Amino acid sequence: MRDAPLLPGHRDAHQKLLIVDFGSQVTQLIARRLREIDVYCEIHPFNAVDEAFLDDFAPRAVILSGGPASVPDAGSPRPPMKVFDLGVPVLGICYGQQVMMQMLGGEVVRTPGSAEFGRAWIEPTEERLELMNGWFQGHREQVWMSHGDHVSRLAPGFRPFATSQGAPFAVTADPERRFFAVQFHPEVHHTPGGATFLANFCALAGFTGDWTMGAYREQAVRAIRDQVGDGRVICALSGGVDSSVAAVLLHEAVGDQLTCVFVDHGLLRKDEAGEVVGMFRDHMNLPVVHADESEMFLTALEGVSDPERKRKIIGGLFIEVFEKHAHQIGGAEFLAQGTLYPDVIESVSFSGGPSVTIKSHHNVGGLPEKMGMTLVEPLRELFKDEVRALGRELGLPDRFIGRHPFPGPGLAIRCPGEITREKLDILREADAIFIDQIRRHGLYDEIWQAFVAILPVRTVGVMGDGRTYDFACALRAVTSVDGMTADYYPFDHDFLGETATRIINNVRGINRVTYDITSKPPGTIEWE
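Here the residue index of a chain counts from 1 through its sequence in written order. Since the coordinates come from a predicted model, pLDDT governs what is reported: local features require at least 70, and pairs of side-chain atoms require 80 or more to be given and counted, while whole-chain, interface and lining totals use all residues. Heavy atoms throughout the structure, all of them, feed into the side-chain values; hydrogens and water do not.

1. Quick word on the overall build of the protein chain
Heads up, the rule is: Per the convention used, a helix needs a DSSP run of H or I reaching at least four residues, while a strand needs a run of E reaching at least two, with both numbered from the N terminus. Any residue under 20% of the maximum accessible area for its type is buried, any over 50% is exposed, and the rest in between are partly exposed; the area is computed with a 1.4 Å probe on protein chains only. Two residues form a contact once any of their heavy atoms are found within 4.5 Å.
Per the secondary structure count, the protein chain includes 14 helices and 20 strands. Seen along its three principal axes, the alpha-carbon backbone of the protein chain occupies a region of about 75 × 65 × 40 Å. For the protein chain, the residues scored as buried account for 57% of the 528 residues in total. The long-range share in the protein chain, meaning contacts at least 24 apart out of those at least 6 apart in sequence, stands at 76%.

In structure tokens, the structure reads:
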């Protein structure tokens, strides 16, 4: 299996900004902020950015991200010096500021007591910087800091424009060369004026905002046709937003060369299969194979409790199903799936070494060579909100575009511990009630994702003067922008009490309801 590139020739149709990643946990947020103002950008790890790459990419501007390394340490990561010889604006953020200063002749030190983590305040110097237009309506500006080292001496040509308690050069610049550097993180929510700061940088670099979903749709259709030719394509259709948008886009590009395969693995929500297959067959007129493989999946999962084993078993069986249907339609040369840009970014270690795996991404990294199929991933340049915008551009119904995310392993990862048919049936009923409650109260669109997890414990209860010994469940609802970070939704107690009563009264097998108020981090959104 060969991994798919980004859309061939697509990046050349846009003004491009390069983000050099040094391993910050929030580098993706830089890209999101830029995409929100219609600026096309790509994130690449520092060790993949060499002179040849820069010549090929030809960025209009460069941003150097934050990162966990310490500039004074031997062997700490560096961008190629050519970044500063391109003649384009460069912005260094946190570690990016420090590495810029070090490489251009300044100095970075680690001084006890000078670290800043969390909310901080910066104050402007007397000299004003165009990049800071729209800031400092008062005498200071709130920002988010996360640094132990700081710049102690500026590189030649740089001047200070703002300071903080722990960073004497919180904002510095060499305006003549259009080099800018900040110690704080303008990309995070806790820097309220950060979006304005980044927009000013892009305007200074001459970006006109040519990244639109209409343009992307046209270019993606052309790229799919160029890649596929007259070959046949199978699309892995889960019914989620990502695979649904990918399927409609592919159908627009290649028509009856496409066959969508909807795999019913027995781990779907209540009435999910009928709703998804009905919409695509009856309303979108797409060819859909409904592959009911629930018996095979549930049998393979019997007795399995480890979440990573669950994911790997399910991923392996998906491959078997797609392989079977590729043969049944007379041989398919391409397998399409709804991989997004965050999946691509998270699958690459910025250091080139092993990264901590939180959860396996089943759709990143390619599939076994024995399948002999090439991946088609027309959404792999997009963030989730951009996928939804493309879905609207393609005419998908709002009720489908706005659906909460649903994981590929389905209810398997909302059922901690061993999976049984009994627990899945209980979980479906409880989940349906919870979602219905959210819709009844007009809260669905305020919430990023909501679901019920059935807990691997039984608890004692009393119902109708009799003793019960049934399962406990946890309600989970979070707010988020992109799923990278999340906070629990603040339901009022009346809602929670009403929902718990409905579940206990109507779902046989549950006698206790809890609400999960864990943010991400430290938790994840899903339970496994």
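2. Digging into the confidence of the model for the protein chain
As a reminder, the rule being used: Per-residue confidence from the predictor is reported as pLDDT, a score between 0 and 100.
In the predicted model, the protein chain carries a mean pLDDT of 86, and the fraction of residues at 70 or more is 90%. Across residues 1-6, where pLDDT falls below 50, the model places 22 contacts with residues more than four positions away in sequence or in other chains. Long-range and interchain partners of residues 349-368, a stretch whose pLDDT sits below 50, account for 41 contacts in this model, where long-range means more than four residues apart.

3. A word on the nonpolar core
Basically, it comes down to this: As used in this record, nonpolar core signifies buried Ala, Val, Leu, Ile, Met, Phe, Trp, Tyr and Cys residues forming a set joined through side-chain atoms within 4.5 Å.
In this structure, Phe-280, Leu-379, Leu-390, Phe-434, Ile-438 and Phe-491 are the most contacted members of the largest nonpolar core, which totals 96 residues. If we ignore the near neighbours within four places in the chain, the residues touching Phe-434 are Ala-450, Phe-451, Val-452, Leu-475, Arg-476, Ala-477, Phe-491, Phe-495 and Thr-499.

4. Brief notes about the pattern of salt bridges
Condition: Salt bridge, as used here: a side-chain nitrogen of Lys or Arg that lies within 4 Å of a carboxyl oxygen of Asp or Glu.
In this structure the tally under the stated criterion is 26 salt bridges. With a closest N to O distance of 3.2 Å, Glu-272 and Arg-403 form a salt bridge. Of this pair, Glu-272 sits in helix 7 (residues 272-283) while Arg-403 sits in the loop between helix 12 (398-401) and helix 13 (421-440), and the two are 131 residues apart along the sequence. We classify Arg-403 as buried; its relative accessible area is 8%.

5. So, helix 5 (residues 213-228)
To be explicit about the condition: In this scheme, a helix's expected span is set at 1.5 Å multiplied by one less than its residue total.
Over its 16 residues, helix 5 runs 22 Å from end to end, which matches the ideal 22 Å to within 8%, given 1.5 Å per residue. Looking only at helix 5, the buried set comprises Met-213, Ala-215, Tyr-216, Gln-219, Ala-220, Val-221, Ala-223, Ile-224 and Val-228. Among the structural elements, strand 12 (233-237), helix 6 (241-254), strand 15 (334-336), strand 16 (374-376) and helix 11 (384-394) are those in contact with the buried residues of helix 5. One or two residues past the end of helix 5 sits Gly-229, with phi positive at roughly 60°.

6. Quick notes on the packing of helix 5 against helix 6
Stated formally: To get an axis, a line is fitted to the C-alpha atoms, and for a helix only the part in contact is used. The angle between two axes follows their N-to-C directions and goes from 0 to 180 degrees. Handedness of a crossing follows from how the near helix is turned relative to the far one, being left-handed for an anticlockwise turn of less than a right angle and right-handed for a clockwise one. Gly counts as polar in this scheme, as do all residues outside two lists: the nonpolar Ala, Val, Leu, Ile, Met, Phe, Trp, Tyr, Cys and Pro, and the charged Asp, Glu, Lys and Arg.
Interhelical geometry of helix 5 versus helix 6 gives an angle of 65° and a closest axis separation of 9 Å. As for how helix 5 packs across helix 6, the hand of that crossing is right-handed. Only Leu-249, Leu-250, Glu-252, Ala-253 and Val-254 of helix 6 make contact with helix 5, whose side of the interface consists of Arg-217, Ala-220, Val-221, Ile-224, Arg-225 and Val-228. The residue makeup of the contact of helix 5 with helix 6, split by class, is 8 nonpolar, no polar and 3 charged.

7. Considerations on the environment of Thr-501
Within the secondary structure, Thr-501 is located in helix 14 (residues 493-506). Judged by its relative accessible area of 42%, Thr-501 is partly exposed. Along the primary structure Thr-501 and Trp-448 are separated by 53 residues, whereas in three dimensions their C-alpha atoms are 24 Å apart.

8. Here we look at the sheet that holds strand 13 (residues 258-264)
Condition: A pair of strands is treated as paired once DSSP finds two or more bridges between them.
Taken together, 5 strands build an open sheet; the order of strands is 14-13-12-15-16 and the sheet is parallel. Looking at strand neighbours, the two that pair on one side only are strand 14 (288-292) and strand 16, the edges of this open sheet. Averaged over all pairs of adjacent strands, the angle between their axes in this sheet comes to 30°, without regard to strand direction. Here 3 bridges tie strand 12 to strand 15, and the two strands are oriented parallel to one another. Its bridge partner lying in strand 15, Ile-234 is registered against Leu-335. Set on the sheet, helix 5 makes contact with strand 12, strand 15 and strand 16; between it and strand 16 the angle comes to about 165°. Its contacts with the sheet put helix 6 on strand 12, strand 13, strand 15 and strand 16, and the angle it makes with strand 12 is roughly 160°.

9. Focus: the side chain of Ser-65
By secondary structure assignment, the location of Ser-65 is in the loop between strand 3 (61-64) and strand 4 (90-93). Among all residues touching Ser-65, those that are not within four sequence positions of it are Val-20, Asp-21, Phe-22, Gly-23, Ser-24, Thr-27, Ile-30, Ile-93, Tyr-95 and Gly-96.

10. As for the pairing of strand 10 (residues 171-174)
Side chains Val-171 and Ala-173 of strand 10 all project onto a buried face; the interleaved residues Thr-172 and Asp-174 project onto the opposite face, where all are buried too. Of the strand pairs in this sheet, strand 9 (residues 159-163) and strand 10 are connected by 3 bridges, and their pairing is antiparallel. Counterpart to Arg-159 in the pairing with strand 10 is Ala-173. In the sheet, strand 10 pairs with strand 11 (residues 179-182) via 4 bridges, with the strands oriented antiparallel. Paired with Ala-173 across the bridge in strand 11 is Phe-180. In sequence, strand 10 turns back onto strand 11 through a hairpin of 4 residues, with Arg-178 there showing a positive phi of about 60°.

11. Section: unusual backbone geometry
With a phi close to 55°, Cys-94 is a non-glycine residue in the positive phi region. Within the fold, Cys-94 resides in the loop between strand 4 and helix 3 (95-103).

12. Examining the side chain of Thr-339
The line we're drawing: Definition of a polar contact: a pair of N or O atoms within 3.5 Å, with one able to donate and the other able to accept a hydrogen when the atoms are protein atoms, and with sequence-neighbouring residues admitted only if both atoms are side-chain atoms.
Positionally, Thr-339 belongs in the loop between strand 15 and helix 10 (341-346). Side-chain polar atoms of Thr-339 contact the side chain of Glu-377, separated by 2.7 Å.

13. A few points about the layout of surface pockets
Definition in use: Cavities and pockets were defined on a 1 Å grid built over protein atoms only: a cavity is a set of grid points that admits a 1.4 Å probe from which the probe cannot escape, a pocket is an open set flanked by protein on both sides within 12 Å along at least five of seven lines, and lining residues are those with an atom within 4 Å of any such point. Grid points are joined across faces, edges and corners, and a volume is the space filled by probe spheres set on the points.
In this structure, the second largest pocket encloses a volume near 420 Å³. Taken together, 16 residues make up the lining of the second largest pocket; nearest its centre are Lys-270, Glu-275, Arg-403, Ile-435 and Arg-439. Mapped by element, the contributors of at least two residues to the lining of the second largest pocket are helix 7 and helix 13. It is helix 13 that contributes the most residues to the lining of the second largest pocket, 6 residues altogether.

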